[in-house]
Amino acid sequence: KLSHPTISLCIVALIFLFTGLKMRTDELKSVYKSVDVVLIACATSLFITSLVPGYIVHQLPFDDKLDNAEDTSFSFGPTDLKLGIILFNCAPATIATGIIMVTGAEGDVIVAVTVSTITNIA
C-alpha cells in the first residue's frame, strides 16, 4: 500500500520529469555555459537564505510568556514562531516560483529550472 508521502514524492518527481522533458537540447547549452551561475545560485538558495534569516531571528526577542498582562517587555511572539520562520527560510523555491521570478526579470528560465531542481533534490 502506498502512503501519502510516497504518492506526494512521486507526483513531485513527475513534475520535475515533465518540466525537464519540455526543455530542448540546445537550451541545455545555456546551463553548461552558466555552471558558475548555477553553483552560486544553489549555494545562495541552500545556505545564505537559510543562515541570514536564522541569524536575524535569533537576535530578536521571542518569548512564550505573552499571556502575562504585567509583563511590559516587547516580544515578536512565541518561540514557536521563531522556529517556524527558520524552517520556512530553509525550504528551497519551487519550480513555478523560480520560473515566475526569472521570467519577470527576463532571465534564463532553463537555468532557473536547473537551480530549482538541484536545490529541491538536495
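Everything that follows concerns the structure shown earlier in this document.
Scoring rules and cut-offs
- Sequence order sets the numbering: in each chain, residues are counted from 1 along the sequence as written.
- Totals for whole chains, interfaces and linings use all residues, but because this is a predicted model, local features are given only for residues with pLDDT of at least 70 and pairs of side-chain atoms are given and counted only at 80 or more.
- Side-chain numbers here rest on the full set of heavy atoms in the structure, without hydrogens or water.
- Secondary structure elements are defined from DSSP: runs of H or I of at least 4 residues count as helices, runs of E of at least 2 residues count as strands, and each element is numbered from the N terminus.
- Every residue pair with non-hydrogen atoms within 4.5 Å of one another is taken to be in contact.
- In this analysis, a patch consists of residues with relative accessible area above 30% that form no salt bridge, clustered at 9 Å for like charges and at 5 Å for the nonpolar side chains Val, Leu, Ile, Met, Phe, Trp and Tyr.
- Computed by Shrake-Rupley with a 1.4 Å probe, the accessible areas treat only the displayed protein chains as cover when residues are assessed.
- Salt bridges are defined as contacts in which a side-chain nitrogen from Lys or Arg sits within 4 Å of a carboxyl oxygen from Asp or Glu.
- Throughout this description, buried means an accessible area under 20% of the type-specific maximum (1.4 Å probe, protein chains only), exposed means over 50%, and partly exposed covers the range between.
- Nonpolar core, defined: a set of buried Ala, Val, Leu, Ile, Met, Phe, Trp, Tyr and Cys residues in which side-chain atoms within 4.5 Å join the residues together.

(A) Quick look at the side chain of Ser-45. Mapping Ser-45 onto the fold places it in helix 3 (residues 35-59). Look past the residues within four positions of Ser-45 in its chain and what remains in contact with it is Ser-50, Pro-92 and Thr-119.

(B) How the structure looks around a nonpolar patch on the surface. Together, Phe-47, Ile-48, Leu-51, Val-52, Tyr-55 and Ile-56 make up an exposed nonpolar region whose accessible area comes to about 640 Å². The topology assignment puts Ile-48 in helix 3.

(C) Expanded view of the environment of Ile-110. Relative to the helices and strands, Ile-110 is located in helix 6 (residues 109-121). Owing to a relative accessible area of 10%, Ile-110 belongs among the buried residues under this scheme. Note: C-alpha distance between Ile-110 and Met-23 (87 residues apart in sequence) is 7.5 Å.

(D) Region of the structure containing the nonpolar core. Val-31, Val-38, Cys-42, Ile-110, Val-111 and Val-115 form the largest nonpolar core, which has six residues in total. The set of elements that each furnish at least two residues to this core consists of helix 3 and helix 6. Here this core gets three residues from one element, more than from any other, and that element is helix 6. Not counting chain neighbours up to four residues away, the residues in contact with Val-111 comprise Ser-30, Val-31, Ser-34, Val-37 and Val-38.

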